[in-house]
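Working through the structure, step by step
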Amino acid sequence: MTEFTPFASFLGGTLIGLAAVLLMALHGRIAGMTGILSGLIPPTAPDWTWRLAFLAGAVAAPALITGFGGYAIPFHSGVPAPWLVVGGLIVGIGVHFGAGCPSGHSVCGIARLSRRSITATLVFMASTAVTVFIVRHVLGGLS
Amino acid sequence: MRNITALLAGAVFGTGIAISGMINPAKVQNFFDLAGTWDPSLAFVMTGALLVTFVGYRLVLKRPAPVFDTSFHLPAKKQLDLPLLAGAATFGIGWGITGFCPGGSIPALGLAEPSALIFIAAMVVGIALARITGNWRQASASVDADADG
């Protein structure tokens, strides 16, 4: 069980949106983690510095909120390490060919009314729901 | 200056991911668990994010260029193709297994969570492998620049 958090989730969502608008206004870039991260994997993109800076900010913020703000950020992963490796490989391959992930497709892409992003979002939402159903209700969890 | 503003945008993104609950793999999986411990919170994340981005992009993209570049880098591809559909379907399997997506997992590194580190390491290998295969098949020489997100 996780607590239903409509207000915090909405507020967090508006910040994700604000970050996307800022990155577009200042750098002319889509705030998609797949695209940003890919440019940092060798052979790196020529413009790797802003990508690394964006990533550093994204990592630093939760650290500062918990470390200095004293605010506990709920986090739980009950997934065994081997499945994290399998899932991570699958995600990496998927987002590469799918040309994006929720940040790029479901926020930035849908906001641009991109047909590719709307379709990708519908496809991966369905695929994720089916996977969660199989993992939790058919297999009874991963071990 | 460019890197400072990118750092700040990243910090706003990371704060949003943390506050919204997207950082929490269990919460993400619960959003998709309609038959079990359903937590609809993530619908509110998407609503908030889309409201701001939908309006903000329209204001920003009216301008001739971004502040630190000569033009906006928008995906050129418009048509649906097999890699997009198969890639999205594949991604969903990994997202369902782990509860981690790229944008949710990177900020989780800031919580010093080992699960995020393991996931990200595997994801980076996955992207690198896919890129090698993609280049080998000559699918696209500059896949990253062409990424929609």
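Overview of the structure. (Residues numbered from 1 in each chain as written. Chains lettered and ligands numbered in written order. Predicted model: local features only at pLDDT ≥ 70, side-chain atom pairs only at ≥ 80, totals over all residues. Heavy atoms only, no water.)

1. Remarks on the interface of chain A and chain B
- Residue-level contacts link 108 residues of chain A with 109 residues of chain B.
- Carbon and sulfur atoms make up 74% of the surface buried where chain A meets chain B, a total of about 9800 Å² over both sides.
- Among the residues chain A hides against chain B, the three largest losses belong to A:F75, A:F97 and A:R116. Together they make up 8% of the total.
- The interface formed by chain A and chain B holds 2 salt bridges in total.
- In this structure, A:R116 and B:D81 form a salt bridge, with 3.3 Å as the shortest nitrogen-oxygen distance.
- Counting every contact that joins chain A to chain B gives 31 residue pairs in polar contact (both at pLDDT 80 or more). (Contact = heavy atoms within 4.5 Å. Buried area = accessible area lost by both parts, 1.4 Å probe. Salt bridge = Lys/Arg side-chain N within 4 Å of Asp/Glu carboxyl O. Polar contact = N/O pair within 3.5 Å; in protein donor to acceptor, adjacent residues only side chain to side chain.)

2. Some points on helix α4 (residues 81–97) of chain A
- Across its 17 residues, α4(A) extends 25 Å between first and last C-alpha, which sits within 8% of the 24 Å expected from 1.5 Å per residue.
- One or two residues past the end of α4(A) sits A:A99, with phi positive at roughly 55°. (Helix = DSSP H or I, 4+ residues; strand = E, 2+ residues; numbered from the N terminus. Expected span 1.5 Å × (residues − 1).)

3. Examining helix α3 (residues 41–60) of chain B
- When the terminal C-alpha atoms of α3(B) are compared, their 29 Å separation across 20 residues agrees well with the 28 Å that a helix rising 1.5 Å per residue should span.
- Listing the buried residues of α3(B) in full gives B:S41, B:L42, B:V45, B:G48, B:A49, B:L50, B:T53, B:G56, B:Y57 and B:V60.
- Looking at the buried positions of α3(B), the neighbouring elements they touch are α1 (6–27) and α5 (102–111) of chain A together with α1 (2–20) and α2 (25–32) of chain B. (Buried < 20%, exposed > 50% of the residue type's maximum accessible area, 1.4 Å probe, protein only.)

4. Re the pattern of salt bridges
- Applying the stated rule across the entire model yields 6 salt bridges over all chains.
- Salt-bridge contacts for A:R51 lead to A:D47; the nearest nitrogen and oxygen are separated by 3.1 Å. Each member of the pair, A:R51 as well as A:D47, carries the same accessibility label: buried.
- For B:D81, the salt bridge goes to B:K77, with nearest N and O atoms at 3.7 Å.
- A network of salt bridges, in which partner residues are shared, links A:R29, A:D47 and A:R51.

5. Quick look at the packing of aromatic side chains
- Scanning the model with the defined rule gives 9 aromatic pairs over all chains in all.
- Plain terms: the ring middles of A:F4 and B:F44 are 5.6 Å apart, the flat faces sit at 70° to each other, and that makes the pair edge-to-face. Here the residue A:F4 occupies a position in the segment before α1, and B:F44 occupies one in helix α3, the pair thus bridging two chains.
- Using a relative accessible area of 40% as the deciding quantity, one classes A:F4 as partly exposed.
- Owing to a relative accessible area of 31%, B:F44 belongs among the partly exposed residues under this scheme.
- Taken together, a centroid distance of 5.1 Å and an interplanar angle of 80° make the contact between B:F31 and B:F32 edge-to-face. Just as B:F31 is buried, B:F32 falls in that class too.
- The side chain of B:R58 reaches across the aromatic face of B:F54, ending 3.8 Å from its centre. (Phe/Tyr/Trp six-rings, centres within 6.5 Å; stacked < 30°, edge-to-face > 60°. Lys NZ or Arg CZ within 6 Å of the ring centre and 35° of its normal.)

6. Description of the environment of B:F72
- Residue placement: B:F72 occurs in the loop between α3 and α4 (82–98).
- Residues B:F72 and B:T47 lie 25 residues apart in sequence; the distance between their C-alpha atoms is 25 Å.
- Residues within four places of B:F72 in sequence aside, it is in contact with A:M24, A:G28, B:V60, B:L61, B:R63, B:P64, B:A65 and B:P66.

7. Side note on the packing of α5(A) against helix α6 (residues 115–138) of chain A
Residues and elements named next belong to chain A.
- At their nearest, the axes of α5 and α6 sit 8 Å apart, and the two run at 135° to each other. Between α5 and α6, the interaxial angle falls into the category oblique. Seen along the crossing, α5 lies across α6 with a hand that is left-handed. Of the residues in α6, those in contact with P102, G104, H105, S106, G109 and I110 of α5 are S117, I118, A120, T121 and F124. (Axes fitted to C-alpha atoms, helices over the stretch in contact; angles between N-to-C directions. Parallel < 35°, antiparallel > 145°, perpendicular 65-115°, else oblique. Left-handed = near helix turned anticlockwise from the far one by under 90°.)

Purely geometric stuff here, so don't read any function into it on its own.
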